[in-house]
Amino acid sequence: MEHVYNINMQAHNTLFGTGNFEVHNIDFLKETKEALKSISEVAYKYGKLDIDTLLNEFHDSYIGEKLGFDKVNVNKHGFDCCDNTGRFLESKVSSASAKSYGATFNDTNIDKANAFKDSNVWLAYSIWADPATPICVVYGQHKDIGSFLEEKVRKFKNGKGGVRSTQTISLTNLLFKYGFKLYALDYSKEEVVKFFQENGKGKVKKLTINDVHDLSEIK
């Protein structure tokens with residue numbers, strides 16, 4: 001009877017019908033393990049043995065340094081970077097292979113939302129071709145982002161926002177609603193434009209080289 005019960009449970013649980021399962025690729029396992037040995041050496045050298053923490057800190061620190069924020073937060077809580085003038089940076093990262101492009105805020109609270117209304121808080125959203133290659137970064141600030149986040153958090157607290165307080169601001173809105181600027185990183189301006197022509201949607205797909213800026217323009 002227990003076996004029949006398990007089968008019936010599987011029939012009614014959509015998770016059991018989700019996924020694309022493939023036979024383990026032994027070559028992939030071997031090559032990835034070998035490549036990760038170099039990362040492991042860095043992890044041991046700098047005492048950052050949690051791989052997610054290591055990569056997150058690398059991405060945030062890389063972006064922060066490029067944008068003129070000279071300190072990275074090695075703690076889990078708080079903003080990701082800051083500088084000696086009292087400015088703070090929130091760094092959001094996504095892969096070039098993402099289905100859509102936008103800055104995602106996980107587990108936001110009211111204090112964090114309100115902080116984005118301050119003139120000393122900046123937001124960066126970078127897109128990476130792979131774990132080591134940043135394509136571009138969208139960078140700026142707007143107090144209405146704080147209002148947007150606050151509204152979403154309050155809606156979540158009232159039981160109308162799902163099971164987790166998560167908010168996303170699309171790349172389109174960052175550029176065209178909030179006035180952020182797009183900067184080329186490891187890709188050239190021409191390569192950034194081509195990337196969005198091939199992968200972007202709507203207005204983003206129609207970006208031109210005149211919409212892409214150099215980091216040298218940041219004062």
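Just so we're clear, the structure is a prediction, and the values are computed from it rather than from any experiment. (Residues numbered from 1 in each chain as written. Predicted model: local features only at pLDDT ≥ 70, side-chain atom pairs only at ≥ 80, totals over all residues. Heavy atoms only, no water.)

J.: Just checking my understanding: could you explain the pairing of strand E8 (residues 181-184) for this structure?
T.: On a regular strand, each side chain points to the face opposite its neighbour's, so the side chains alternate between the two faces of the sheet. Sheet topology note: the strand E6 (residues 133-140)/E8 ladder contains 4 bridges and is antiparallel. The partner of Tyr139 across the bridge, within E8, is Lys181. Both E8 and strand E9 (residues 212-213) contribute to a ladder of 2 bridges, which runs parallel. Each bridged residue has a counterpart across the sheet, and for Tyr183 the counterpart in E9 is His213. (Pairing = 2+ DSSP bridges. Helix = DSSP H or I, 4+ residues; strand = E, 2+ residues; numbered from the N terminus.)

J.: Help me out: how do you make sense of helix H3 (residues 51-66) in this one?
T.: Along an α-helix, residues three or four apart share an orientation, since each turn contains 3.6 residues. An ideal rise of 1.5 Å per residue puts 22 Å on 16 residues; H3 measures up with 23 Å between its terminal C-alpha atoms. Residues of H3 that are buried: Leu54, Glu57, His59, Asp60, Ile63 and Gly64. On its buried face, H3 is in contact with helix H2 (26-46), strand E1 (71-72), strand E2 (81-82), strand E3 (88-95), strand E5 (121-130) and E6. Where H3 starts, the residue carrying a side-chain oxygen 3.3 Å from the main-chain nitrogen of Asp52 turns out to be Asp50. Phi for Gly68, located one or two positions after H3, is positive at around 95°. (Expected span 1.5 Å × (residues − 1). Buried < 20%, exposed > 50% of the residue type's maximum accessible area, 1.4 Å probe, protein only. Contact = heavy atoms within 4.5 Å. Polar contact = N/O pair within 3.5 Å; in protein donor to acceptor, adjacent residues only side chain to side chain.)

J.: Looking at this structure, how should I read the packing of aromatic side chains?
T.: Applying the stated criterion across every chain yields a total of 12 aromatic pairs. With a centroid separation of 6.4 Å and an interplanar angle of 85°, the aromatic rings of Phe69 and Tyr139 are classed as edge-to-face. Here Phe69 is found in the loop between H3 and E1, whereas its partner Tyr139 is found in strand E6, with 70 residues between them in sequence. Residues Phe105 and Phe116 carry aromatic rings whose centres are separated by 5.6 Å and whose planes lie at 85° to one another, so their mutual orientation is edge-to-face. On the criterion of sequence distance, the pair formed by Phe105 in strand E4 (residues 102-106) and Phe116 in the loop between helix H4 (110-115) and E5 is long-range, its members being 11 residues apart. Phe105 gets classed as buried once you look at its relative accessible area, which sits at 2%. What makes Phe116 buried here is its relative accessible area of 4%. By the ring-pair criterion, three or more aromatic residues cluster together here, those being Phe69, Trp122, Tyr139 and Tyr183. (Phe/Tyr/Trp six-rings, centres within 6.5 Å; stacked < 30°, edge-to-face > 60°.)

J.: Mind showing me how you'd approach the environment of Gly78 here?
T.: Mapped onto the elements of the fold, Gly78 is located in the loop between E1 and E2. For the pair formed by Gly78 and Phe88, sequence separation is 10 residues and the distance between their alpha carbons is 9.5 Å.

J.: Would you explain a nonpolar patch on the surface in this entry?
T.: On the surface, a cluster of nonpolar side chains totalling about 310 Å² of accessible area is made up of Ile26, Phe28 and Leu29. Within the secondary structure layout, Ile26 lies in helix H2. (Patch = residues over 30% accessible without salt bridge, like charges linked within 9 Å, V, L, I, M, F, W, Y side chains within 5 Å. Areas by Shrake-Rupley, 256 points an atom, 1.4 Å probe, with all protein chains shown as cover. Salt bridge = Lys/Arg side-chain N within 4 Å of Asp/Glu carboxyl O.)

Everything listed is a geometric property; what it means functionally is a separate question.
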